[in-house]
Amino acid sequence: KFTVIGIANRAGLLAVASLPFNVLLSNRINLVSLLMGVSFDRIQYLHRWVGRTTLALAITHGTCKLIQSDNFGDHSFRRFGLGAFCIAGFLLILFI
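The paragraphs below set out a description of the structure included in this document.

Scoring rules and cut-offs
Residues numbered from 1 in each chain as written. Predicted model: local features only at pLDDT ≥ 70, side-chain atom pairs only at ≥ 80, totals over all residues. Heavy atoms only, no water. 1 Å grid on protein atoms, 1.4 Å probe; cavity = no way out; pocket = protein on both sides within 12 Å on 5 of 7 lines; lining within 4 Å. Points joined across faces, edges and corners; volume = space filled by probe spheres on them. Helix = DSSP H or I, 4+ residues; strand = E, 2+ residues; numbered from the N terminus. Nonpolar A, V, L, I, M, F, W, Y, C, P; charged D, E, K, R; others polar. Axes fitted to C-alpha atoms, helices over the stretch in contact; angles between N-to-C directions. Parallel < 35°, antiparallel > 145°, perpendicular 65-115°, else oblique. Left-handed = near helix turned anticlockwise from the far one by under 90°. Buried < 20%, exposed > 50% of the residue type's maximum accessible area, 1.4 Å probe, protein only. Expected span 1.5 Å × (residues − 1). Bend = angle between axes of the 7 residues up to and from the residue. Contact = heavy atoms within 4.5 Å. Patch = residues over 30% accessible without salt bridge, like charges linked within 9 Å, V, L, I, M, F, W, Y side chains within 5 Å. Areas by Shrake-Rupley, 256 points an atom, 1.4 Å probe, with all protein chains shown as cover. Salt bridge = Lys/Arg side-chain N within 4 Å of Asp/Glu carboxyl O.

Where empty space is left in the structure can be found by rolling a water-sized probe over the atoms. Space inside the largest pocket adds up to approximately 210 Å³. As for the largest pocket, its lining consists of 16 residues, of which His61, Gly62, Lys65, Gly81 and Ala84 are closest to the centre. Broken down by secondary-structure element, the contributors of at least two residues to the lining of the largest pocket are helix H1 (4–24), helix H3 (40–67) and helix H4 (75–95). The element best represented in the lining of the largest pocket is H4, accounting for eight residues. Within the lining of the largest pocket, the residues separate by chemical class into 10 nonpolar, four polar and two charged.

In structure tokens form, the structure reads like this:
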């Protein structure tokens, strides 16, 4: 059974788990291209898609957390969460 909090937690964990892979793909000479023999252009293409997926997961996480945020009495959580959500939305519009 899927719940909003479950989707939010899974999306947040997947977004954080994909960050090291995205950093690994960001260098011109990286371990992935050396091991697989793939050109830098192909690695950059993969790097961009991993970044877009991470951003989409972060926005999914933020949306689900804001939907169920009435369970939290802390207003600082709502304020900082909304600020991070707006920044992520701006980055999504800017970089896609």
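Let us keep going from here.
Our focus in this paragraph is the packing of H1 against H3. Two numbers describe a pair of packed helices, the interaxial angle and the distance between the axes. The N-to-C vectors of H1 and H3 enclose an angle of 155°; their axes lie 8 Å apart at closest approach. With respect to H3, the element H1 is oriented roughly antiparallel. Both H1 and H3 take part in a crossing whose hand is left-handed. Here the contact of H1 with H3 is built from residues that sort into 15 nonpolar, nine polar and one charged.

Inspection of the secondary structure puts serine 18 in helix H1. The exposure class of serine 18 is buried, given its relative accessible area of 17%.

The next point concerns H1. For H1, built from 21 residues, the straight-helix expectation of 30 Å at 1.5 Å per residue is met to within 8% by its first-to-last C-alpha distance of 31 Å. By the largest-angle criterion, serine 18 marks the main kink of H1, which is about 25°, and a proline, proline 20, follows within four residues. Within H1 the residues assigned to the buried category are Gly6, Ala8, Ala11, Gly12, Ala15, Ser18 and Asn22. In this structure, the buried side of H1 is in contact with H3.

With that settled, consider a nonpolar patch on the surface. On the surface, Phe21, Leu24, Leu31, Leu35, Met36 and Leu46 cluster together to form a nonpolar patch covering roughly 600 Å² of accessible area. At the level of elements, H1 and helix H2 (31–36) are the ones that each hand at least two residues to the nonpolar patch. Among the elements that make up the nonpolar patch, the one with the highest residue count is H2 (three residues). In this structure, leucine 46 sits in helix H3. With a relative accessible area of 35%, leucine 46 lands in the partly exposed category.

The values are spatial; any link to function lies outside them.
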